[in-house]
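Observations on chain architecture
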Amino acid sequence: MVATKQASAALRKPAKKSRKEALAKARASKEAKRLGQEPEPVAASPSTSATPAADPVSAENGIPVKLSASKRKLDLMANFAPQPSDMSQRLLLLDLSCLTALFKPFSCKSCGGKLTVISDTRKGFVCQLKTVCLRCEAVLSKTMTSKTLKGSSHYDINRRAVLSMLNVGLGFAGHTTFCETMGLEGLTEKSFASHVREIHQASDRLKTAVLNKAVKKVYEAHGKAEGDVLDIAVSYDGTWQKRGHTSKHGLGVVIEVTTGLAVDYHVMSSFCQPCSTKGVTMKKKGEAAYNEWWEQHKVSCTINHTGSAGMMEVEAAKTIFSRSLGRGLRYTTLVADGDCKTFNELQELRPYGDTSICKEECTNHVSKRLGTGLRNLVSAESKRGTTLGGRKQGSLTQAKIALLQSHYKKAVASKSATVGELSKKIWTTFYHASSTDCNPQHHLCPTGTRSWCFYNRALAFGKDPPSHKNRSSSSISPHVAEKVRGVYERLTAPELLQRCLKGLTQNANEAIHSTIWSRCPKHLFAGRRRVEIATTIAVGNFNSGSTSLRELTEECGCGVGKISIAHGLKRDFARIKRAEKAETVEAKRRRVDMARAVTVAQQEFLAAEGGPSYISGGF
């Protein structure tokens, strides 16, 4: 693989650790010792965790260093990287007046007149350049500024321009704005649409290759031979092209839990441009005319869903699960949220016959239920004349709700062995927060000199426990605790906790959703072809980084040169670096502290301003 010296050097050796990073590691080590962490890492089982096992222990501080998901996936797919297919490729933007200046020293062989360069026969970004004598007007040479694609009349530069626009989330309108700013004569709308159709066909071919590679790696990760039916755990979530539950396009993505690779996806659409324009006109002409038109159009119609936008997630899941056996996979464990009836519909569908599908809850979504429940409780009690919020000591402020939710989330995500153990962890946070000097409730808190509980830690040192006042930022008064207990009882139901024992999340699905819509923005209208192209590019990038874009470029008939590969390597390296930085203890703590500080600051602003200044329909 060819790369620039900088990119190659960056991939060969790690960057030198700065003093700031060294201090961060030292603080992390100190925190680990304070919390009583063991020096040996406890690696999570791949079959029970949505996150990879920890790396070997860092020699510097004895804390397990966890590989980022990006690093793990790019390492898995590294052997699929393509080699340069066009070593002579050299593309650049050129001002024609600068090119004309090159020919000033030369003269016409026939008449001795001066030469110039003119452009003619423009097709999008491509034009024909001619060397012309200014005196006798003879055409000495001519050439097109781009080569045509193999087996096509389209030009390479035009195809690349359209593919580039789609990759950065722009359509024909964005293309026109770009040309306006650059002073270029771009493609017509008809030509742009023609290229989009060709790229869509190429993306369909690439989709098969991308998903097949992912399935192959899943088989290798589980130590199974291809051809055997493999039972795997997957996370599934739906997403829509427009906010507000009125979207005409939606899709669902299935991600294998152990490897973190997307193994299948399906796009749903309830919109077709010809149906909404010409189809309406043909209906007005009569049923016979419409039926004749429909027979010709139905092959290319982009509608594959009739119903509400919310059902797109369900229908996409049913389609994906129904065809999984054809690829040798059975999705027997489903990590899902409680936002949609996908799991209930799959139970009725029974895609695997007698083999049932087990549901695991996304711990992030479950923890949000506590915050929602507490906020709803404050609102409901306020309507009854009971104040749970406010600035009074032990009140249920927004900052305190966020902190209680954070504690609940840590407990739920801790991968407990039994329901009883998980329930105990959750109730520990409740009793610790509701303790007072008159009624200390620290019987569930850990004991010993390294306990995080200030009360039990003082007892372990043989000292009198300090006062509870101002000792815990999550403390709630007995009056508030009595009201809050009902929410905790509902969210510690054994049926719910049983589905949270493995501590799985849909983080990977949320990540791939943002990658998809960055290439097909939600504020811009797009057709099904655009959504499918964006999804293919995003899934390929999610699984194997810049390699997939180079493969799509090849599928579109354009060569891949050294410069393209060098840029891709830089992008992959930057992605891994960002991901690994985000995985550090210091970075995680900083994100939590910043989010908490913003919540507290907003509460202080509201109090100083005398309450909210904006409520929909409230003034």
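Predicted model, so just to flag it, every value in this text is computed and none were measured.

According to the stated counting rule, one finds 22 salt bridges in the structure shown. Between Arg330 and Asp231 there is a salt bridge, with its nearest N and O atoms 2.6 Å apart. Here Arg330 is found in strand E9 (residues 329-336), whereas its partner Asp231 is found in strand E6 (residues 230-240), with 99 residues between them in sequence. Between Arg350 and Asp354 there is a salt bridge, with its nearest N and O atoms 4.0 Å apart.

Moving on, we come to helix H3 (residues 69-76). Along H3, the residues that are buried comprise Ser70, Arg72, Lys73 and Leu74. Buried positions along H3 lie against helix H20 (528-544) and helix H22 (562-582).

All right, on to the environment of Leu251 then. Mapped onto the elements of the fold, Leu251 is located in strand E7 (residues 249-256). By relative accessible area, Leu251 is classed as buried at 1%. For the pair Leu251 and His266, spaced 15 residues apart in sequence, the C-alpha separation works out to 5.5 Å. Once residues within four sequence positions are removed from consideration, Leu251 is found in contact with Asp237, Gly238, Thr239, His266, Val267, Met268, Ile516, Trp517, Val531 and Thr535.

This next bit is on a positive patch on the surface. Together, Lys577, Lys581, Arg590 and Arg591 make up a positively charged patch on the protein surface. Turning to its location among the elements, Arg590 is positioned in helix H23 (residues 585-608).

Let us now look at unusual backbone geometry. Residues apart from glycine generally show negative phi values, whereas peptide bonds are mostly found in trans. We note that Thr121 has phi near 50°; this positive angle belongs to a residue other than glycine. Turning to its location among the elements, Thr121 is positioned in strand E3 (residues 115-123). The phi torsion at Lys415 lies on the positive side, around 55°, for a residue other than glycine. With respect to the secondary-structure elements, Lys415 resides in the loop between helix H14 (398-412) and helix H15 (419-433). By relative accessible area, Lys415 is classed as partly exposed at 35%.

What follows concerns the environment of Glu555. Relative to the elements of secondary structure, Glu555 occurs in helix H21 (residues 547-555). Along the chain, Glu555 and Asp204 lie 351 residues apart, while their C-alpha atoms are 9.8 Å from each other. For Glu555, the contacting residues outside a window of four places in its chain are Ala202 and Arg205. At a separation of 2.9 Å, a polar atom in the side chain of Glu555 contacts the side chain of Arg205.

Contact geometry of H14 with H23 gives a least axis separation of 8 Å together with a crossing angle of 155°. The pairing of H14 with H23 is recorded here as roughly antiparallel in orientation. For the pair H14 and H23, contact is made by Gln398, Ala399, Leu403 and Ser406 and by Arg596, Thr599, Val600 and Gln603, respectively. Its residues assigned to classes, the contact of H14 with H23 shows three nonpolar, four polar and one charged.

About the cut-offs
- Residues numbered from 1 in each chain as written.
- Predicted model: local features only at pLDDT ≥ 70, side-chain atom pairs only at ≥ 80, totals over all residues.
- Heavy atoms only, no water.
- Salt bridge = Lys/Arg side-chain N within 4 Å of Asp/Glu carboxyl O.
- Helix = DSSP H or I, 4+ residues; strand = E, 2+ residues; numbered from the N terminus.
- Buried < 20%, exposed > 50% of the residue type's maximum accessible area, 1.4 Å probe, protein only.
- Contact = heavy atoms within 4.5 Å.
- Patch = residues over 30% accessible without salt bridge, like charges linked within 9 Å, V, L, I, M, F, W, Y side chains within 5 Å.
- Areas by Shrake-Rupley, 256 points an atom, 1.4 Å probe, with all protein chains shown as cover.
- Lys, Arg positive; Asp, Glu negative; His and termini not counted.
- Charge placed at Lys NZ, Arg CZ, Asp CG, Glu CD.
- Polar contact = N/O pair within 3.5 Å; in protein donor to acceptor, adjacent residues only side chain to side chain.
- Axes fitted to C-alpha atoms, helices over the stretch in contact; angles between N-to-C directions.
- Parallel < 35°, antiparallel > 145°, perpendicular 65-115°, else oblique.
- Nonpolar A, V, L, I, M, F, W, Y, C, P; charged D, E, K, R; others polar.

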